[in-house]
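Architecture at a glance
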Amino acid sequence: MAQSLFRPTVTIHEANSYPFWRRPVALLVLLAIAQPLSFAVWAAVLQNFVIERAGFDGSDWGWLQSVREIPGFLAFGVIIVILVMREQILALISLLMLGGAVALTAHFPTFGGLILTTTISSIGFHYFETVNQSLQLQWIAKDRAPQVLGWLVAVGSGASLIAYGVIVATWKALELSYEAVFLTAGLLTVLIALACFIIYPQFEAPHPQRKEFVLRRRYWLYYALQFMSGARRQIFIVFAAFMMVEKFGFEVHEVTGLFLINFLANMIFAPLMGRVVGKMGERFSLVFEYIGLVLVFLAYGGVYYFGWGVLIAASLYVLDHLFFALALALKTYFQKIADPSDIAPTAAVSFTINHIAAVFLPAALGYLWIQSPGAVFFLAACMAMVSLGLAFLIPRHPEPGFETIFSKPPLAAAAE
């Protein structure tokens, strides 16, 4: 057992002899719980907070979301950080930043104050997401990845479900304040991160990671899917919940209740989706997801143009969130085609690619939202159609050297 600067270092193979609660997968479970406790609560409550306390309109909201995505665009900086810090330690420090900033959010109810706390929490969120994805793909075997990733989504959804359930049940009954909600959610994330640092050794993945910028031509389809996913997802994250508050007048406990339904659905269906990806493959799963998203975004537009009611809008929101859970197929697609030593640097690069559109899209669409909210969702439907076309380029059984349908299958290449 080697020693690192912070904690003992053990290999994944050695860790398999540990009690289950001290193995790498148990740490991934705790990480899956810690992040949504603060981020998901922040996302559920923030719409009401910025409207009621800071007087935001659609343009202010769009600018705040654009600023929030800048750290995601700069996620390639993770490559520099892991030169001096292990990914596992970086994940825990990122959680401390996320939780600490969320805890203080309600104390800065101005545009400038929210820009500050949002930037700090966003650095923590995006750097955590980058290294967490990398650790998942390094620590989980390929044949088990779809199922385990599905369970991790379910675990995170369960943590959010409990947090949201508490808000829904107590927001009016106990007259909770924004200060209490943000502080409690942020501190829970901080406490779990500190516990993970104390309990777990440093796990050494079987394949050392390249600590340099990696951009490979053979990963081009993965990069393209990541870019379109980031652009499309921003419209959902930024404007779908905002619509429920602005158009239908949802209060905090109602928005949180909608989120609660989302995560309950994810708890039930995410493991099943993992099985679908494992059995049917990434191409089928992503094609199914993108067809569903095209229909959902078109229906969102119908809420504005045809005056459909709140029940239809809320149902679409739940369906939208559920389809996004199939995005785990994009992770397993990359795991199958990647050089194992490329996982960490490519996770950083792909996060940057995913956030290229996210930096300018919310602010730009904030102005379009003021003129025509339905047009924003029709644009998202077009983006989902582009993603659908790209998904058809994934082979039924992708692997290194056979990343797209235009590549020659390994057996055919060997025959030549």
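Residues numbered from 1 in each chain as written. Predicted model: local features only at pLDDT ≥ 70, side-chain atom pairs only at ≥ 80, totals over all residues. Heavy atoms only, no water.

1. Side note on the overall build of the protein chain
Let me state the cut-off plainly: Numbered from the N terminus, helices here are DSSP runs of H or I no shorter than four residues, and strands are runs of E no shorter than two. Restricting the calculation to C-alpha atoms gives the radius of gyration, and the globule rule supplies 2.2 Å times the number of residues raised to the power 0.38. Exposure categories follow from relative accessible area, calculated using a 1.4 Å probe and restricted to protein chains: below 20% of the type maximum is buried, above 50% is exposed, and the middle band is partly exposed. In this analysis, two residues are considered to be in contact whenever any of their non-hydrogen atoms come within 4.5 Å of each other. For every accessible area listed, the method is Shrake-Rupley and the probe measures 1.4 Å; residues are considered covered only by the protein chains on display.
For the protein chain, the helix and strand inventory stands at 17 helices and 3 strands. What you see for the protein chain is a C-alpha radius of gyration of 21 Å, in line with the 22 Å of a compact globule of 416 residues. Among the 416 residues that make up the protein chain, the fraction classed as buried is 58%. When contacts within the protein chain are restricted to residue pairs at least 6 apart in sequence, those whose partners lie at least 24 apart make up 86%. For the protein chain, the computed accessible surface area is about 16800 Å², with 71% contributed by carbon and sulfur atoms.

2. Remarks on the pattern of salt bridges
Filter applied, for reference: Here a salt bridge means any side-chain nitrogen of Lys or Arg lying within 4 Å of a carboxyl oxygen belonging to Asp or Glu.
Applying the stated rule across the entire model yields 4 salt bridges. For Arg86, the salt bridge goes to Glu204, with nearest N and O atoms at 3.4 Å. Of the two residues, Arg86 sits in the loop between helix H4 (78-81) and helix H5 (87-104) while Glu204 sits in strand S3 (residues 202-204), which places them 118 residues apart along the sequence. Residue classification places Glu204 among the partly exposed positions, given a relative accessible area of 33%. Across the salt bridge formed by Asp342 and Arg216, the nearest N and O atoms sit 2.6 Å from each other. Here the residue Asp342 occupies a position in the loop between helix H13 (328-337) and helix H14 (343-354), and Arg216 occupies one in the loop between S3 and helix H9 (220-246), the gap between them amounting to 126 residues.

3. Some words on the nonpolar core
Heads up, the condition is: The definition of a nonpolar core used throughout is a set of buried Ala, Val, Leu, Ile, Met, Phe, Trp, Tyr and Cys residues joined through side-chain atoms within 4.5 Å.
Among the nonpolar cores identified, the biggest contains 137 residues, and Leu46, Phe182, Ile235, Phe259 and Tyr300 are the most heavily contacted of them. In terms of residues, this core owes the most to one element, helix H2 (residues 24-52), which gives 17 residues. Once residues within four sequence positions are removed from consideration, Leu46 is found in contact with Trp61, Leu64, Gln65, Thr105, Leu114 and Phe182.

4. Comments concerning the side chain of Gln88
Relative to the assigned elements, Gln88 resides in helix H5. Overall, Gln88 belongs to the buried group, its relative accessible area being 5%.

5. Points about the packing of aromatic side chains
In plain terms, the rule: Between rings of Phe, Tyr and Trp, where Trp is taken as its six-membered ring, a pair exists when centres lie within 6.5 Å; planes separated by under 30 degrees are stacked, by over 60 edge-to-face, and by other angles tilted.
Enumeration over the complete set of coordinates arrives at 15 aromatic pairs. The interplanar angle of 70° and the centroid separation of 5.2 Å between the aromatic rings of Phe49 and Tyr178 together place this pair among those described as edge-to-face. Taken together, the residues Phe49 in helix H2 and Tyr178 in helix H8 (residues 178-199) connect sequence positions 129 residues apart. By relative accessible area, Tyr178 is classed as buried at 4%. Measuring from ring centre to ring centre gives 5.4 Å for Tyr219 and Phe334, while their planes differ by 80°; the resulting arrangement is edge-to-face.

6. A look at H8
What counts, and what does not: To estimate how far a helix should extend, the number of its residues minus one is multiplied by 1.5 Å. As used here, the arc is the angular range of directions from the helix axis to the C-beta atoms.
Look at H8: 32 Å from first C-alpha to last across 22 residues, which is about the 32 Å you get at 1.5 Å a residue. Every buried residue belonging to H8 is among Tyr178, Val181, Phe182, Ala185, Gly186, Thr189, Val190, Ile192, Ala193 and Cys196, and all of these are buried. Taken end-on, H8 shows its buried residues confined to a sector of 160°, consistent with a single buried face. For H8, the exposed residues set more than 90 degrees away from the buried face come down to Leu191 and Ile198.

7. Things to note about the packing of H9 against H13
We count it as follows: Note on geometry: axes are lines fitted to C-alpha atoms, helical ones only across the stretch in contact, with angles between N-to-C directions running from 0 to 180 degrees. Angle categories: roughly parallel below 35 degrees, roughly antiparallel above 145, roughly perpendicular from 65 to 115, and oblique for all the rest. Take the far helix as the reference: if the near one is turned anticlockwise from it by less than a right angle, the crossing is left-handed, and if turned clockwise, right-handed.
Where H9 meets H13, the closest approach of the two axes is 10 Å, and the angle between their N-to-C directions is 160°. One way to sum up the angle between H9 and H13 is to call them roughly antiparallel. Like other packed secondary-structure pairs, H9 and H13 cross with a definite hand, here left-handed. Listed contacts from H13 to Leu221, Tyr222, Leu225 and Gln226 of H9 are Leu330, Tyr333 and Phe334.

8. Considerations on the environment of Val303
In this fold, Val303 is placed in helix H11 (residues 282-305). Since its relative accessible area comes to 0%, Val303 is described here as buried. A C-alpha to C-alpha distance of 22 Å links Val303 and Ala363, two positions 60 residues apart in sequence. Among residues more than four places away in sequence, those in contact with Val303 are Met243, Lys247, Phe248, Trp308, Ala313 and Leu316.

9. Here's the deal with the packing of H9 against H14
Two quantities define a packed helix pair, namely the angle between the axes and the distance from one axis to the other. Quick reminder of the rule: Charged residues are taken to be Asp, Glu, Lys and Arg, nonpolar residues to be Ala, Val, Leu, Ile, Met, Phe, Trp, Tyr, Cys and Pro, and polar residues to be all remaining types, Gly included.
Between H9 and H14, the least distance of the axes is 7 Å, while the angle of their chain directions is 45°. If you check the angle between H9 and H14, you find them oblique. As for how H9 packs across H14, the hand of that crossing is right-handed. From H9, Tyr222, Tyr223, Gln226, Phe227, Ser229, Gly230 and Ala231 reach across to H14, where they touch Thr346, Val349, Ser350, Ile353 and Asn354. Looking at the contact of H9 with H14 residue by residue, the class counts come to 6 nonpolar, 6 polar and no charged.

10. A short note on the environment of Ile261
Position of Ile261 among the secondary structure elements: in helix H10 (residues 252-280). Along the sequence, Ile261 and Ala185 sit 76 residues apart, while their C-alpha atoms lie 19 Å from each other.

11. Focus on a nonpolar patch on the surface
Definition in use: Two distance rules govern patches: like charges are joined within 9 Å, and nonpolar side chains (Val, Leu, Ile, Met, Phe, Trp, Tyr) within 5 Å, applied only to residues with over 30% relative accessible area and no salt bridge.
A cluster of nonpolar side chains, Ile70, Phe73, Leu74, Phe76, Phe213, Leu215, Ile356 and Phe360, forms an exposed patch at the surface whose accessible area comes to about 720 Å². Secondary-structure elements contributing two or more residues to the nonpolar patch are helix H3 (58-73) and helix H15 (356-371). Structurally, the position occupied by Leu74 is in the loop between H3 and H4.

12. As for the confidence of the model for the protein chain
Keep this limit in mind: In predicted models, pLDDT denotes the confidence assigned by the predictor to each residue on a 0 to 100 scale.
Per-chain confidence: the protein chain averages 83 in pLDDT, with 95% of residues scoring 70 or above. Every residue in residues 1-5 scores below 50 in pLDDT, and together they form 10 contacts with partners more than four places removed in sequence or on other chains.

13. Thoughts on the environment of Pro400
Examined against the element boundaries, Pro400 turns out to sit in the loop between helix H16 (373-391) and helix H17 (410-415). It is 7.3 Å that separates the C-alpha atoms of Pro400 and Asp339, two residues lying 61 residues apart in sequence. Aside from chain neighbours lying at most four places away, what touches Pro400 is Arg218, Lys336, Ile337 and Ala338.

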